[in-house]
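# Observations on the model geometry
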Amino acid sequence: MSPIIGTIIALSAVGSACFFAIRSMVKDKKAGKSLSCGCDCKHCSGACHMCSVKKQ
C-alpha cells in the first residue's frame, strides 16, 4: 500500500505544478504578454506585431 501512496503524492505534485504553470501562461496571454515577443524592440527593430500595436 505504501508505494501507491507515494505514487499518488508524486502525481499530485506534478499535476499541481503543471496546473499552476498553465494557469500562469493563460493569465499572461489574457494580459497581452507573450513568450514570443517581450517588446524588447532593440532586438527586433520594432518589426514584430506587438511592437506595432504598442506604438499606436
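Keep in mind it's a predicted model, so treat the numbers as computed, not measured.

## What about the overall build of the protein chain?
The helix and strand inventory of the protein chain stands at 3 helices and 0 strands. Reading the protein chain from its N terminus to its C terminus gives the helix and strand order α-α-α. Among the 56 residues that make up the protein chain, the fraction classed as buried is 5%. When the accessible surface of the protein chain is summed, it comes to about 4900 Å², and 67% of that surface belongs to carbon and sulfur atoms.

## Regarding the packing of aromatic side chains
Considering all chains together, one arrives at 1 aromatic pair under this definition. A ring pair is formed by Phe 19 and Phe 20, whose centres lie 5.2 Å apart and whose planes are at 70°; its orientation type is edge-to-face. The class for Phe 19 is partly exposed, based on a relative accessible area of 49%. A relative accessible area of 46% means that Phe 20 is categorised as partly exposed.

## Brief notes about the confidence of the model for the protein chain
With 57% of its residues at a pLDDT of at least 70, the protein chain reaches an overall mean of 76. When pLDDT is averaged over each element of the protein chain, helix H1 (residues 2-30) comes out on top at 92 and helix H3 (residues 49-55) at the bottom at 52.

## Description of a nonpolar patch on the surface
On the surface, a cluster of nonpolar side chains totalling about 270 Å² of accessible area is made up of Ile 22, Met 25 and Val 26. Structurally, Met 25 is set in helix H1.

## Focus: H1
The terminal C-alpha atoms of H1, which comprises 29 residues, lie 42 Å apart, in line with the 42 Å expected from a rise of 1.5 Å per residue. Backbone geometry just downstream of H1 places Gly 32 in the positive-phi region, at approximately 90°.

About the criteria used
Residues numbered from 1 in each chain as written. Predicted model: local features only at pLDDT ≥ 70, side-chain atom pairs only at ≥ 80, totals over all residues. Heavy atoms only, no water. Helix = DSSP H or I, 4+ residues; strand = E, 2+ residues; numbered from the N terminus. Buried < 20%, exposed > 50% of the residue type's maximum accessible area, 1.4 Å probe, protein only. Areas by Shrake-Rupley, 256 points an atom, 1.4 Å probe, with all protein chains shown as cover. Phe/Tyr/Trp six-rings, centres within 6.5 Å; stacked < 30°, edge-to-face > 60°. pLDDT = per-residue confidence, 0-100. Patch = residues over 30% accessible without salt bridge, like charges linked within 9 Å, V, L, I, M, F, W, Y side chains within 5 Å. Salt bridge = Lys/Arg side-chain N within 4 Å of Asp/Glu carboxyl O. Expected span 1.5 Å × (residues − 1).

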